[in-house]
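Descriptive structure summary
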Amino acid sequence: MQVVLTRETDWEGWRRATRALVLTGVAPEKITWRIGRVPAPLPEAQGTFNVPRNLVEIAALAFQAHARDRFDRLYRLVWRAHHGALPAAPQDDPALAEAQALAFAVRAEAHRMRTHMRFMPVEDADGPRFLGWYAPQHHVLEANAQLLARRFPDKRWSILTPEGSAHWDGGGHAALRFGPGARGIVDDATLATWWDAHHAALLQEAVPGSSVPEAEALDEAPRPPDLPPLGPVVLDLAPDPAVHRAAVEAGQCRRCDLWQPASQTVFGEGPAGAQVVFIGEQPGDQEDVIGRPFVGPAGQLLDRAMEEAGIDRRTIYITNAVKHFKFTPRGKRRIHQSPDATEIQVCRFWLDVERVQLAPRLLVLMGASGARAVLGRPVTVTRERGRPFALEDGQTAFITVHPSYLLRIPDPAGKAREYRAFVEDLRRVRALMEPA
Ligand code: URA
C-alpha cells in the first residue's frame, strides 16, 4: 500500500491516511510512505478512532522533524495505541520516547529559528517588507510563519530558507503564502542581491496553505520584525572557531564520570563576538537529549525574562558550569542532581576555555553552581545577587538566581514576585551590556 503525501509537512494528508488505514486494519509493515504530486486513493473507513492526547501532541511536533522514517514511526505508534498496546508514558516505551525526543528537537529548533533570525528591511513594488533568512534543521518554517502572521498581522515580511519560503502581505489569513526555497545565500549582502534578483518570481510562485498544526508547544512570542536592531543585520551568528573546536573535543571528555550515564556533552553556544556569557549549572533532561543548553523549561523561562529585560539571546553566549547532565534514575525518570564541588572544579577546564577564547566583558552567574564555578568558593546567591563586581582578570561578574529556582516555587504570588526580581536583575545586566 503506497501512501503519497503532497509535501514534507503534509500533516493533514498523513492524518487522513492514518485514520483510514488504521480503521481498515492495514498493518504498518504493509505501508510505504512517500512524497509525490498525486495522492494515491485511500480505503473507505468507517468507525471511530481515538488517539491519546499526548500522542497527538508528540506526533504533531515530531512530524516536523527532519527524519526520513517519521511517517512510518508515527503511524506505528498510532497503530499500537489503537490496539491498546501503547503505554501512556514515553519513559515506558522506547519508540514513544524516541518520538518525544524528536518532538523536543523540533520545538527547540522552532524556538532557535525565532530567536536567531533577524529581519532586514527591503523595499518592493508595494512598499517596505522585512526579510528574514534561516536554514532550519527541521521543517519548522510553516509553523513559525503562522505564528508570526498571527502576532504581527500588520507587517509585510518574507522568510527564506533553503527548502521553502513564507510570505505575508498583511491582511487576512489567506495572505500567508508558501513558495520555493532560496539556496546560495551566505550573508546579508548575498541575501539582498538574491532577493533583488529572485523576489518577483518567488512571490509569483507562492501559494496559500499549510496544514502544519499550530502546536501550543510552539506558541511562544517570536521576535517582532521591527525591534530596534542592536547592530548591523546579522544573518549568521557564527561561533568562534576555537570554541567550536573545544566543543567537538569536549564531546569525548572523560575528565570525570558524568559522561557515562549522560547522552552527550552539552557545550555552550553563542556568537564569536559575544561580550556577555551567561553561566548556569548543568544541562537538564531536555538539554541532554537535544544537545543544546537552556532549551527546556528553565531555558524557556530565561528566554521570556531576557526578552522582557531587552536582552537579545542571539547576541550572548550561554553555557553551564558542568557540561554533562547529572541525574539519579528513579524508575524510568531521570531526577536532576546538582554537581558537587569536585565535578564543578574538574569541568572548569572547559569553562576556562570558553572564557579565554571569547574574552567577554561580563559573566552572568545564574545560581550557586555557576557562581561557584567562576569564583571558586561557595556562594549564597540571595546575599550576593544583583550587583556587578570585578574579577581578577578584569572581567565583571554579576550573580543572579537560576531560572530553575523560579520554576520550583510552589506559591503563585511568590513565584511572580521572584520572577519580577529576576527580570530586574536582567535589566541591570542589560544596562551593563551598553558600551561604556
Ligand atoms: N539548567 C541549567 O543550568 N542549564 C541548562 O542548560 C538547563 C537547565
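Look above for the structure.
Note that the structure is a prediction, hence the values are computed from the model and not measured.

**Examining the environment of Glu249**
Note on placement: Glu249 falls in helix H7 (residues 241-250). Taking relative accessible area as the criterion, Glu249 reaches 53% and is therefore assigned exposed. Expressed as a C-alpha distance, the spacing of Glu249 and Gln357, which sit 108 residues apart in the sequence, is 15 Å.

**Considerations on the site of the ligand**
The ligand sits among Gly280, Glu281, Gln282, Pro283, Gly284, Glu287, Pro293, Phe294, Asn320 and His402. In this structure, Phe294 approaches the ligand through a main-chain N or O atom, which is 2.9 Å from an oxygen atom. Expressed as a share of its isolated accessible area of 230 Å², the protein-covered part of the ligand is 94%. Of all the cavities here, the one that holds the ligand is the largest pocket.

**Observations regarding the environment of Met1**
With respect to the secondary-structure elements, Met1 resides in the segment before strand S1 (2-5). Overall, Met1 belongs to the partly exposed group, its relative accessible area being 39%. The spatial distance from the C-alpha of Met1 to the C-alpha of Leu203 is 37 Å, given a sequence separation of 202 residues. Residues contacting Met1, with those up to four places away along its chain left out, are Leu21, Val26, Lys30, Ile31, Thr32, Pro41 and Pro43.

**A word on the pattern of salt bridges**
Side chains that differ in charge, positive against negative, can pair when their charged atoms come close. By the definition in use, this model includes 26 salt bridges. Between Arg7 and Glu142 there is a salt bridge, and its shortest N-O distance comes to 3.6 Å. With Arg7 in the loop between S1 and helix H1 (11-23) and Glu142 in helix H5 (residues 141-151), this residue pair connects regions lying 135 residues apart in the sequence. Residue classification places Arg7 among the partly exposed positions, given a relative accessible area of 28%. When its relative accessible area of 10% is taken as the criterion, Glu142 is described as buried. A salt bridge links Arg334 to Asp288, with the nearest nitrogen and oxygen atoms 2.9 Å apart.

Calculation rules
Within every chain, residues take consecutive numbers counted from 1 along the sequence as written. Predicted model: local features are reported for residues with pLDDT of at least 70 only, side-chain atom pairs are reported and counted for 80 or more only, and whole-chain, interface and lining totals are derived from all residues. Each side-chain value is derived from all of the structure's non-hydrogen atoms; neither hydrogens nor water enter the calculation. A run of DSSP states H or I qualifies as a helix once it reaches four residues; a run of E qualifies as a strand once it reaches two. Both are numbered from the N-terminal end. Burial classes follow relative accessibility: with a 1.4 Å probe on protein chains only, a residue under 20% of its type's maximum area counts as buried, one over 50% as exposed, and anything between as partly exposed. The near set for a molecule or strand comprises every residue that places at least one heavy atom within 4 Å of it. Here a polar contact is recorded for every N or O atom pair within 3.5 Å, except that within protein the pair must consist of a potential hydrogen donor and a potential acceptor, and residues adjacent in sequence are included only if both atoms are side-chain atoms. Surface accessibility in these figures is a Shrake-Rupley result with a 1.4 Å probe; residues are shielded only by whichever protein chains are displayed. Using only the protein atoms, space was sampled on a 1 Å grid; points where a 1.4 Å probe fits but cannot get out form cavities, open sets with protein on both sides within 12 Å along at least five of seven lines form pockets, and lining residues are those with an atom within 4 Å of a point. Assignment to a cavity or pocket requires that more than half of a molecule's atoms be within 2 Å of the site's grid points. Residues are treated as being in contact if the distance between any of their heavy atoms lies within 4.5 Å. When a carboxyl oxygen of Asp or Glu lies within 4 Å of a side-chain nitrogen of Lys or Arg, that pair is called a salt bridge.

Scope: geometric values only; no functional claims are made or implied.
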